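Close look at the chain arrangement
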Amino acid sequence: MGLIIQAQPFFALNPGNVTANQITIKIAQTTTPSLRTLAAERGIKIGTAVRDLPLKNEPNYQKTLAEQFNIITPENVMKFEPLRPTPDSYNFEKADEMVAFASRNKMNLRGHVLVWHNQLPKWLKEKKLSRDEAISILRDHIYKVVGHYRGQIMAWDVVNEAMADDGRLRNTIWLQTIGPEYIEMAFRWAHEADPDAKLFYNDYGGEGRGRKSDAIYRLVEQLLLKKVPIDGVGLQMHVGLNYTPRPQEIANNMLRLSELGLEVHITEMDVKIQDGYGTRKERLVAQANIYRQMLQVCLKASNCKAFVMWGFTDAHSWIPQFTNRPDAALIFDENYQPKPAFYALVELLRQPVEVR
Ligand code: XIL
């Protein structure tokens, strides 16, 4: 009677002894390097957004996170609303815990986010603000938050989603109260508060070429002309089986940003499978290919320094709530088991540079 051992990536097996038909196989301690080890050899950071509750309550969450990633982005706890319960107070407790976790596990941090139109506290949304008041609120916020984490954040998403899909500035509370200058002001204040942090403009839908990415390009080009301290552009990369920008276009976009001297980070990648065709298994394979292609684009671009996903386990993804439909957009399943997308990233990172 034969014993078939399938070629599985080793760390899917637990170290120890497996006995089958009197034959004892010793399974070696895991030798497959993690995503973070492999990414470090390639000179990029690989990361994920992190939620405070599972970080506190789920040992599997902590374990996988610490094992696999070397950069994290707080998914919510550094946003305006949680940080500012009242106009006069700051609550850094949850964000501080995340920063401490990152430091214990030798991870970098992407700070997210200083200026955005969502997740603002009620007191701010309901207040009638003069221009001067809005400027003073935003300036204080940026000084205080960036100052609090000075020296601990590798990159800040300073301004998020300021561009509308038609290529004009989005009509937000900040545009309405301050005017378009709010963007450069925010970068200057952030730089004053932490001169060593890299400062990013972050958005979605501007990954490939098109009206929105052209508008973002012009925006950052103008900022540079005005000597505004900006270091990079974040490409969120919330994509799906049916709508993923073409790798060549993304490469193109990264290249023109590099010619401006800017870095790029993939900042929030996830791949929805709800709109795809085929069996679940087929969708997960298609999903794996998209993750692989996007990481490959990043690896090939000299200015792409971080590849960050918007979560890592399907147990904690924003997609089902956002789309109101079940999904499985991340690289580990709900039980923290690696999915085809995980193996695709590992395999790509393991390949020698020449054959990429
Ligand atoms: C999302 C979080 O994932 C959710 O938990 C929250 O309810 C809403 O915000 N673009 C961004 C992120 O820049 O901050 C958003 O995060 C997802 C879209």
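All values reported here derive from a predicted model rather than from experimental measurement.

**Digging into the pattern of salt bridges**
Enumeration according to the criterion identifies 16 salt bridges in this entry. For Arg51, the salt bridge identified is with Glu75, shortest N-O distance 3.1 Å. On the criterion of sequence distance, the pair formed by Arg51 in the loop between strand E3 (45-50) and helix H2 (52-57) and Glu75 in the loop between strand E4 (71-74) and helix H4 (80-83) is long-range, its members being 24 residues apart. With a relative accessible area of 21%, Arg51 lands in the partly exposed category. With relative accessibility at 3%, the residue Glu75 sits in the buried group. A salt bridge links Glu249 to Arg246; the nearest nitrogen and oxygen atoms lie 3.5 Å apart. Three or more residues are tied together by salt bridges with common partners; here these are Asp165, Asp203 and Lys212.

**Comments concerning the site of the ligand**
The local shell around the ligand holds 14 residues, among which Glu75, Lys79, His112, Asn160 and Glu268 are the closest. Asn160 has a polar side-chain atom sitting 2.9 Å from an oxygen atom of the ligand. Residue Trp310 places a side-chain N or O atom 2.9 Å away from an oxygen atom belonging to the ligand. Coverage of the ligand by the protein amounts to 82% of the 410 Å² it exposes when considered alone.

**Some points on the environment of Val99**
Relative to the assigned elements, Val99 resides in helix H5 (residues 93-104). For the pair formed by Val99 and Gln152, sequence separation is 53 residues and the distance between their alpha carbons is 7.8 Å. Setting aside residues no more than four positions away along its own chain, Val99 makes contact with Met78, Leu109, Tyr149 and Gln152.

**Brief notes about helix H14 (residues 340-350)**
Extensive coverage of H14 is indicated by the burial of 8 of its 11 residues. Residues of H14 that are buried: Ala341, Phe342, Tyr343, Ala344, Leu345, Val346, Leu348 and Leu349. Close packing links the buried residues of H14 with helix H1 (35-42), E3, helix H3 (59-68), helix H12 (280-300) and strand E11 (304-309).

**Points about the packing of H1 against H14**
Where H1 meets H14, the closest approach of the two axes is 9 Å, and the angle between their N-to-C directions is 35°. Every pair of crossing elements has a handedness; the one defined by H1 and H14 is left-handed. Here Leu35, Leu38, Ala39 and Arg42 of H1 come into contact with H14, specifically with Phe342, Leu345, Val346, Leu349 and Arg350. A breakdown of the residues in the contact of H1 with H14 according to their chemical character gives 7 nonpolar, no polar and 2 charged.

**Some details on H3**
Within an α-helix, residues lying three or four positions from one another point in the same direction, as the helix has 3.6 residues per turn. All buried positions along H3 are accounted for by Tyr61, Thr64, Leu65, Ala66 and Gln68. As for H3, its buried residues are in contact with H1, E3, H2, E4, H5 and H14.

**Quick notes on the nonpolar core**
Counting 108 residues, the largest nonpolar core has Trp156, Met269 and Phe307 as its most contacted members. For this core, the leading source of residues is H12, giving 9 residues. With near-sequence residues (within four places) excluded, Met269 lies in contact with Gln236, Met237, Val239, Ile290, Tyr291, Met294, Phe307, Val308, Met309, Trp310 and Leu330.

**Regarding the confidence of the model for the chain**
Where the model shows low pLDDT, its predicted coordinates should not be examined in detail. Of the residues in the chain, 90% have a pLDDT of 70 or more, and the chain-wide mean is 92. Contacts from residues 25-30, a stretch scored under 50 in pLDDT, to residues over four places away or in other chains number 16 contacts.

**Some remarks on the packing of aromatic side chains**
One pass over the full model with this rule turns up 12 aromatic pairs. In textbook terms, an aromatic cluster arises when at least three aromatic residues are bridged by ring pairs, as seen for Tyr61, Phe69, Phe312, Phe332, Tyr336, Phe342 and Tyr343. Across from the ring centre of Phe200, 5.1 Å away, lies the NZ or CZ of Arg110, which sits over that ring. When the ring centre of Tyr204 is taken as reference, the NZ or CZ atom of Lys212 above it lies at 3.6 Å.

What counts and how
Residues numbered from 1 in each chain as written. Predicted model: local features only at pLDDT ≥ 70, side-chain atom pairs only at ≥ 80, totals over all residues. Heavy atoms only, no water. Salt bridge = Lys/Arg side-chain N within 4 Å of Asp/Glu carboxyl O. Helix = DSSP H or I, 4+ residues; strand = E, 2+ residues; numbered from the N terminus. Buried < 20%, exposed > 50% of the residue type's maximum accessible area, 1.4 Å probe, protein only. Near = heavy atom within 4 Å. Polar contact = N/O pair within 3.5 Å; in protein donor to acceptor, adjacent residues only side chain to side chain. Areas by Shrake-Rupley, 256 points an atom, 1.4 Å probe, with all protein chains shown as cover. Contact = heavy atoms within 4.5 Å. Axes fitted to C-alpha atoms, helices over the stretch in contact; angles between N-to-C directions. Left-handed = near helix turned anticlockwise from the far one by under 90°. Nonpolar A, V, L, I, M, F, W, Y, C, P; charged D, E, K, R; others polar. Core = buried A, V, L, I, M, F, W, Y, C linked by side-chain atoms within 4.5 Å. pLDDT = per-residue confidence, 0-100. Phe/Tyr/Trp six-rings, centres within 6.5 Å; stacked < 30°, edge-to-face > 60°. Lys NZ or Arg CZ within 6 Å of the ring centre and 35° of its normal.

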